[in-house]
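A closer look at the structure
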Number of protein chains: 2
Amino acid sequence: MKRVILLFMALVALSSMAQKKPVNPDVYYARRATLFEYLPVYSSDIIMLGNSLTDGAEWNELFDNCHVKNRGIVGDIIPGFMERMEPILQGQPRKIFIMGGINDISHKVGADSVASAMRTLVTTIKDRCPKTQIYVQSVLPFNNEVRHWKSLQGLEKVVPETNAKLKALCAELGVTFINLYPLFVDDKGNLKAEYTNDGLHLMGKAYLIWRDALLPYVNK
Amino acid sequence: MKRVILLFMALVALSSMAQKKPVNPDVYYARRATLFEYLPVYSSDIIMLGNSLTDGAEWNELFDNCHVKNRGIVGDIIPGFMERMEPILQGQPRKIFIMGGINDISHKVGADSVASAMRTLVTTIKDRCPKTQIYVQSVLPFNNEVRHWKSLQGLEKVVPETNAKLKALCAELGVTFINLYPLFVDDKGNLKAEYTNDGLHLMGKAYLIWRDALLPYVNK
C-alpha cells in the first residue's frame, strides 16, 4: 500500500511539473532565455540583468569592458528573471546589476508585489552567490504624453512608490540601491521627452546618461 | 539675379533635406540607430550587420571575442543598413558580416531588388573601406507552418532565388558569400522547426549552428 501511495504521489508530482507554465510566456523571452543557457558566465563577469531597457543596449561597448554581459529580455518581469537565473548563478559573477519592475507594474501588481519579487531575487542571489556584488537599480519613469501606453495609464506614481520600497529593501538586505529615477524624470514626473521616442524606451543619448551613472559601480 | 537663384536652390535643398523620411521609420530602429552613432568602431573590429536575426544574439560572447560588435536592428531592410552605415564606415572595421534580405522580401520587393540593394551596400563599403573584408551571408529560410507570417506567405522560393543572385553578386564583386541556407532548411524548404518558435526567429541552439559556420571566417 505504501508503494502505491508513493507511486501515486510521484505521478502527481510529474504531472504538475509537465503542466508548469513559464511565468513569462512570450516567444521572444523563450528564444533569448535558451540562448543565455548556452552562453557561459564567469566569476570575472558583470551581469546586466533586466527587461527591454537592458536588452536594447550594447553594454560591453558602452563600458568598453568585455566582462560586461547583457542579460536583458524585452517584456520581462522579475519572476521571469528568476526562471532564467540558473546559468547566471552557476557562473558566480563578480557583479549583477538588476533593472526590473516596469513590466510588473504594467501588469498592475503594485509596488509591494514588485518589492516582494525583488526580495526573492536578491535573497536567491545572496544565498547562491555570496561573493557577488548586487546592485538594484530604480525603476525609470515613463511618459504617456509621448505615446499612450494603455497598460501604464495612471500608474506614474507607482514608479516612485516602488523605488522607495526597493531602496528600503536594499538597506535591509545590505545591497546597493542605485537611484537613476532623478536623472530621467522631468518636473511633471514623466520620462524626459528628449530621452525617448515612444514614452518608455531609451534613445542612444539616454543610455550614455545611464552608463555614466553606473560607471563608478562598474569600475569599483 | 545669380544670387537669388543660388538662394532659391539652397532653400529647395534644405526643404528637401528636412522632408527626407527615413527608409525604415520604425521607432525601435530610430532608438538603436542613435545608440550606434555613439558607439565607436575601430579598425580591429568585426561588425555583425543585420536585422532581428543578428540583433537577437550576443555575438561577442558567442565568439568569445571582444572585437565582435552587434549592429543588428529588428525589422531592418538593406536600405535601412545603408542609412546607418556612416559610424561603421568611419571606423574602417577589419571585417563586416552582412545578414539581410528577409524583411525586404516580406515587403514584396523581389530577389532582383534585394540583390540590387546589396550591391549598393557592398560597393559603398568597398569604396569607403578598401581594407575591410566583406562577408555576405545568405538569407535564411522561414517556416510558415510553425506560425503564419502573412507578409511572407507564398514567398518561400524567393529566398533561394535571392541567395543565387547574392552568390553571383559576391563572385562579381570579389567578396565572400557564406551560404548558411542549407544548414537551416528542412526537406520541404522551410526553416527547421527545431530551430525556431515563431517560424522566423532563432532559438539558442540555432545561433550555435550559425556561430560554428562563421568561426573559420571570423578567426581567419
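About the cut-offs
- Residues numbered from 1 in each chain as written.
- Chains lettered and ligands numbered in written order.
- Predicted model: local features only at pLDDT ≥ 70, side-chain atom pairs only at ≥ 80, totals over all residues.
- Heavy atoms only, no water.
- Disulfide = S-S within 2.5 Å.
- Helix = DSSP H or I, 4+ residues; strand = E, 2+ residues; numbered from the N terminus.
- Buried < 20%, exposed > 50% of the residue type's maximum accessible area, 1.4 Å probe, protein only.
- Least-squares fit on C-alpha atoms with pLDDT ≥ 70 in both.
- Contact = heavy atoms within 4.5 Å.
- Salt bridge = Lys/Arg side-chain N within 4 Å of Asp/Glu carboxyl O.
- Pairing = 2+ DSSP bridges.
- Axes fitted to C-alpha atoms, helices over the stretch in contact; angles between N-to-C directions.
- 1 Å grid on protein atoms, 1.4 Å probe; cavity = no way out; pocket = protein on both sides within 12 Å on 5 of 7 lines; lining within 4 Å.
- Points joined across faces, edges and corners; volume = space filled by probe spheres on them.

**Let's talk about the state of the cysteines**
All told, the structure shown has one disulfide over all chains when counted by the stated rule. One disulfide bridge connects A:C66 with B:C66, the sulfur atoms lying 2.0 Å from each other. As the torsion about the S-S bond is roughly 140 degrees, the A:C66-B:C66 disulfide counts as right-handed. Highlighted residues: A:C66 in the loop between helix 4 (59-62) and strand 2 (68-72) and B:C66 in the loop between helix 4 (59-62) and strand 2 (68-72), drawn from two different chains. Overall, B:C66 belongs to the partly exposed group, its relative accessible area being 34%. We note that A:C129 lacks a disulfide partner, and the nearest cysteine sulfur, in A:C170, lies 17 Å from it. On the accessibility criterion, A:C129 (1% relative accessible area) is buried. Its relative accessible area of 2% is what places A:C170 among the buried residues.

**Some words on the relation of the copies chain A and chain B**
Superposing chain A onto chain B takes a rotation of 180 degrees combined with a translation of 0.0 Å along the rotation axis, leaving an RMSD of 0.0 Å. Here the copies are linked by what is in effect a two-fold axis. Minimal C-alpha separation from the rotation axis in chain A is found for A:C66, amounting to 2.8 Å. Of all interface residues in chain A, 100% are interface residues in chain B too; the two copies therefore contact each other through one and the same surface.

**Section: the pattern of salt bridges**
Close approach of charged atoms lets side chains of opposite charge pair. Counted according to the given criterion, the structure contains 22 salt bridges over all chains. The partner of A:E61 in a salt bridge is B:R71, with the nearest N and O atoms 2.8 Å apart. Here A:E61 is found in helix 4, whereas its partner B:R71 is found in strand 2 on a different chain. Overall, B:R71 belongs to the buried group, its relative accessible area being 1%. Two residues, A:K188 and A:E145, come together in a salt bridge whose shortest N-O distance is 3.1 Å. Separated by 43 residues along the polypeptide, A:K188 in the loop between helix 10 (181-184) and helix 11 (204-219) and A:E145 in the loop between strand 4 (133-137) and helix 9 (158-173) bring together distant segments of the chain. Residue A:K188 shares its accessibility class with A:E145, and that shared class is exposed. Several salt bridges converge on common partners, so that one network encompasses A:R32, A:D55 and B:E58.

**So, the sheet that holds strand 3 (residues 95-99) of chain A**
All names here are of chain A. Taken in spatial order, the five strands line up as 2-1-3-4-5 in an open sheet, and their pairing is parallel. Each edge of the open sheet carries a strand with a single partner, namely strand 2 and strand 5 (176-178). Neighbouring strand axes in the sheet, compared pairwise and without regard to direction, differ in orientation by 20 degrees on average. Bridge count for strand 1 (residues 46-50) against strand 2 is five bridges, and the pairing is parallel. Note on strand 2: the bridge partner recorded for I46 is V68. Helix 9 rests against strand 4 and strand 5 of the sheet, and its axis sits at about 155 degrees to strand 5.

**Some points on empty space enclosed by the protein**
Following the criterion strictly, the structure yields five cavities of 30 Å³ or more and no others. Approximately 40 Å³ is the volume found for the largest cavity. If you trace the largest cavity, you find it lined by A:A57, A:E58, A:W59, A:N60, A:V68, A:K69, A:N70, B:E58, B:N60 and B:E61. Listing elements by their share of the lining of the largest cavity, those giving two or more residues are helix 4 and strand 2 of chain A together with helix 4 of chain B. Ranked by residues supplied to the lining of the largest cavity, first place goes to strand 2 of chain A with three residues.

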